[in-house]
Amino acid sequence: MSELRRSPAPKSPVELQLDGDEVLDVSTGQRHHPVEMAGQLKWVSALPGSGMPAHQYVVFGYPPPLPVQVLLTVIKARGYNAYFRGYPSPMRYVELADNMRYWRTVLNRTHMLNRCTLDSVEPPRRVDQGAKRIPWDGPPWAPYGSPWPPGYVEISPGEWVYRSNLDPRRGFECRGCAHRYWLSVPNRPCPRCGTVPRAPADI
Ligand SMILES: [Zn+2]
């Protein structure tokens, strides 16, 4: 029997569904443990600072590698929507048996899977428990009332944007060897000679 078809959505290489604590590959019958899959990814530790809590991330493309797909399946099927600090929209989170919280983000077409330990930050505010957006003072990722970090300018009341050319941490000049580097945290040593800046007077 023939059917008229709409143009198909980009095809995912595998079809996955949550089955108990595992994720089932429908086509092969193979089962995947989400925590085991997470262990196969090369997590990058995010640079701390400016009120951003410690976390890790993996950047992925499409189609995502299988471990990412497994984790995205769990986030979608078992996650909850919740607001984090001052962000205007909720994100979807899930906690796994490794005592880590997982969520995905996309920024400027960069897709990321993120995770943090449960004790690294206050829990996000669940929508199913009545949470709403909170008018926020300061950067949305930082505790309420935190100052905007260097490089952010207020282009209209309450609207802040990042201008890297105004960021004094960019091209910070080492007082030891004059090499310029990214001063991600005030005491970051020079990657070339190891000199530690006299923060914050050097900035
Ligand atoms: Zn140096």
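Just so it is clear, the structure is predicted and the values come from calculations on it, not from any experiment.

**Comments concerning the overall build of the protein chain**
Within the protein chain one finds two helices and 14 strands. For the protein chain, whose C-alpha radius of gyration is 21 Å, the value lies well above the compact-globule estimate of 17 Å for 203 residues. Seen along its three principal axes, the alpha-carbon backbone of the protein chain occupies a region of about 75 × 40 × 40 Å. Classification of the 203 residues of the protein chain by burial places 15% in the buried group. Of all intrachain contacts in the protein chain linking residues separated by at least 6 positions in sequence, the fraction that spans at least 24 positions is 41%.

**Regarding unusual backbone geometry**
Along the chain, Tyr62 connects to Pro63 via a cis peptide bond; the corresponding omega equals -5 degrees. One can find Pro63 in the loop between β5 (56-60) and α2 (66-78). One non-glycine residue, Asn108, lies in the positive phi region at around 50 degrees. With respect to the secondary-structure elements, Asn108 resides in the loop between β8 (100-107) and β9 (110-117). Positive phi outside glycine occurs at Arg109, with the angle close to 65 degrees. Relative to the helices and strands, Arg109 resides in the loop between β8 and β9.

**With respect to the sheet that holds strand β2 (residues 22-25)**
One open sheet accounts for three strands, arranged β1-β2-β3; its pairing is antiparallel. Both outer strands of the open sheet, β1 (16-19) and β3 (31-32), are each paired with one neighbouring strand and no more. In the sheet, β2 pairs with β3 via two bridges, with the strands oriented antiparallel. Bridge pairing in β3 links Leu24 to Arg31.

**Here's the deal with the nonpolar core**
Here is a general trend for soluble globular proteins: nonpolar side chains tend to be buried in one another's company. Grouped together as the largest cluster of nonpolar side chains are 16 residues, with contacts concentrated most on Val68, Val70, Leu71, Val74, Ile75, Tyr102 and Leu113. For this core, the secondary-structure elements that each account for two or more residues are α1 (34-39), α2 and β8. No other element matches α2, which puts six residues into this core. Beyond its immediate stretch of four places on either side in the chain, Leu71 contacts Pro34, Met37, Ala38, Tyr102 and Leu113.

**What about the domain arrangement of the protein chain?**
Domain boundaries in the protein chain define domain 1 (16-129) and domain 2 (148-203). Each of domain 1 and domain 2 has a C-alpha centre, and the two are 30 Å apart.

**Points about the pairing of strand β11 (residues 152-156)**
Along any regular strand, the residues point their side chains to alternate faces of the sheet. Within β11, only zero of the five residues are buried, leaving the element largely exposed. Both β11 and strand β12 (residues 159-162) contribute to a ladder of four bridges, which runs antiparallel. Across the sheet, the residue bridging to Val153 is Val161, located in β12. What sits between β11 and β12 in their antiparallel hairpin is a turn of two residues, with Gly158 showing a positive phi close to 85 degrees.

**What about the sheet that holds strand β6 (residues 80-83)?**
Ordered by their spatial adjacency, seven strands build an open sheet running β4-β5-β9-β8-β7-β6-β10, and the pairing between neighbours is antiparallel. Unpaired on one side and paired on the other, β4 (44-45) and β10 (125-126) mark the two borders of the sheet. In this structure, β8 lies alongside β9, joined through eight bridges in antiparallel fashion. Residue pairing in the sheet places Arg101 in a bridge with Cys116 of β9. Running over the sheet, α2 touches β5, β7 (91-95), β8 and β9 and is turned about 100 degrees from β8.

Thresholds, definitions, all that
- Residues numbered from 1 in each chain as written.
- Predicted model: local features only at pLDDT ≥ 70, side-chain atom pairs only at ≥ 80, totals over all residues.
- Helix = DSSP H or I, 4+ residues; strand = E, 2+ residues; numbered from the N terminus.
- Rg over C-alpha atoms; globule rule 2.2 N^0.38 Å.
- Buried ≥ 20, exposed ≤ 12 C-beta atoms within 10 Å, placed from the backbone.
- Contact = placed C-beta atoms within 7 Å.
- Pairing = 2+ DSSP bridges.
- Core = buried A, V, L, I, M, F, W, Y, C linked by C-beta atoms within 7 Å.
- Domains from an automatic or database assignment.
- Axes fitted to C-alpha atoms, helices over the stretch in contact; angles between N-to-C directions.

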